[in-house]
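This is what each chain is made of:
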Amino acid sequence: MSGHTEVGIAGLGVMGSAITRRLLRRERTVRAYDIRPDAVTELVRDGAVAADTPARLASCSVVILSLNTADIVEQVVFGPDGVLSAGREDRGHPDGVLVIDMSSVDPGRTRAFAERAAELGAGWVDAPLSGGAPGTERGELTLMLGGEVEHVERALPVLDALASRLTHMGPAGSGQLVKSVNQVLVGCGFAALAEAAALVRAAGLAPRHVLTALTGGRADSALLQEFFVKFAEIDLTPTGRISNMVKDLEAARDYARSAGVPLPVTTAVSELHRWLVTAGHGNADNAALMHYYETPELPPPPGPAVAATPLSFPDPTGVRR
């Protein structure tokens, strides 16, 4: 695949915009579509070419999707003005259009989309990501890939510009399954970070000094390094959305139910995020978790109510102090 291959992108939210800008910096020609014309206009100023419908993206041999739900993916790709709405002969690509879905959506529907695309002469790779917009800007995303080997190989020259780690997990849908595992770890990790940050705020400790103290210890992690201070300072600079985390955690729960796997911690964390959505924070950054702890009248915690038990600390040695 030529380094000058034109790439189409559908979905210009936080992630789609970051992907577009990264590819433009790597001297790719990018044709961009979003339902919001102002989002397209902003990226045209950065060098992208505007597409007024998803069907216009079919002139590109590779089309990246960065969309919120499986329903939107289906409409953008297979709808009346979708990427694959034209006949095979009208797209002008001998190997067919390759769709790279970087959204986080249901694995089962992903498999169905890949089968449907194959019937229309197109390839499909699910490539959900971890690393957010900052990782995209640095070209350091972690990508979990699902799809046929030949389709993954076609995708690599484009994805290499975005990611420092790419792992082919298996057939279509496999990448989405691994993303569910990732989101269970990240979502529950965010909840733990928020509780720790709430303690730091209540104690009046300096978040950056706390981070220094924890660095290198057992609690250290990429999440701690990137997000602890952000949470403690309630920095809502967009890196991800609460509503998207709800979607991802519920997808993990749905798959777990079908597999007979209990997820009690994930369920509690999902309900915490859902409370934030109902409180009006659905479009806010993940650091909006802190609003739960800053609410004057704290709502009841997710899960069954537990009666408070007075704490006592008996001295088992009998030593008097």
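Nothing here was measured: the structure is a model prediction, and the numbers come from that model.

**Some points on the pairing of strand β5 (residues 98–101)**
- Here β5 shows no split at all, with L98 and I100 on one side and V99 and D101 on the other all buried.
- For strand β4 (residues 62–65) and β5, the ladder comprises four bridges, and the chain directions are parallel. Within β5, the position partnered with I64 by the bridge is I100.
- Note that β5 and strand β6 (residues 123–126) share four bridges and pair parallel. The partner of V99 across the bridge, within β6, is W124.
- In terms of handedness, the path from β5 via helix α5 (residues 107–119) over to β6 forms a crossover that is right-handed.

**Side note on the environment of G146**
- With respect to the helices, strands and loops of the structure, G146 is situated in strand β8 (residues 141–146).
- Along the chain, G146 and L177 lie 31 residues apart, while their C-alpha atoms are 9.1 Å from each other.
- In contact with G146, other than residues within four places in its own chain, are W124, V125, D126, H168, G170, P171, A172, S174 and G175.

**Observations concerning the pattern of salt bridges**
- Taken as a whole, this structure holds 16 salt bridges when the rule is applied.
- We note a salt bridge from K230 to D285, for which the minimum N-O separation is 2.5 Å. With K230 in helix α10 (residues 222–232) and D285 in the loop between α12 (264–281) and α13 (290–294), this pair connects stretches of sequence that are 55 residues apart.
- The class for K230 is buried, based on a relative accessible area of 10%.
- Classification of D285 by relative accessible area gives buried; the value is 3%.
- Across the pair R257 and D254 runs a salt bridge whose closest N-O atoms are separated by 2.7 Å. With R257 and D254 both in helix α11 (residues 242–259) and three residues apart, this pair spans about one turn of that helix.
- Of the residues examined, D254 reaches a relative accessible area of 45% and is grouped as partly exposed.

**Structural notes on the packing of aromatic side chains**
- According to the stated counting rule, one finds eight aromatic pairs in the structure shown.
- With a centroid separation of 6.2 Å and an interplanar angle of 75°, the aromatic rings of F227 and F231 are classed as edge-to-face. Of this pair, F227 and F231 both sit in helix α10, four residues apart, which is roughly one turn of that helix. Residues F227 and F231 agree in their burial class; the two are buried.
- When the centroid spacing of 5.2 Å and the interplanar angle of 75° are considered together, the rings of Y292 and Y293 count as edge-to-face.
- The class for Y293 is partly exposed, based on a relative accessible area of 24%.
- Among the aromatic side chains, those forming a connected cluster through ring pairs are F78, F113 and W124.
- Seen from the ring of F78, R116 lies directly overhead, with NZ or CZ sitting 4.3 Å from the centre.

About the thresholds
- Residues numbered from 1 in each chain as written.
- Predicted model: local features only at pLDDT ≥ 70, side-chain atom pairs only at ≥ 80, totals over all residues.
- Heavy atoms only, no water.
- Buried < 20%, exposed > 50% of the residue type's maximum accessible area, 1.4 Å probe, protein only.
- Helix = DSSP H or I, 4+ residues; strand = E, 2+ residues; numbered from the N terminus.
- Pairing = 2+ DSSP bridges.
- Right-handed = clockwise from strand over helix to strand, strands pointing away.
- Contact = heavy atoms within 4.5 Å.
- Salt bridge = Lys/Arg side-chain N within 4 Å of Asp/Glu carboxyl O.
- Phe/Tyr/Trp six-rings, centres within 6.5 Å; stacked < 30°, edge-to-face > 60°.
- Lys NZ or Arg CZ within 6 Å of the ring centre and 35° of its normal.

Any functional reading would require information that these geometric values do not contain.
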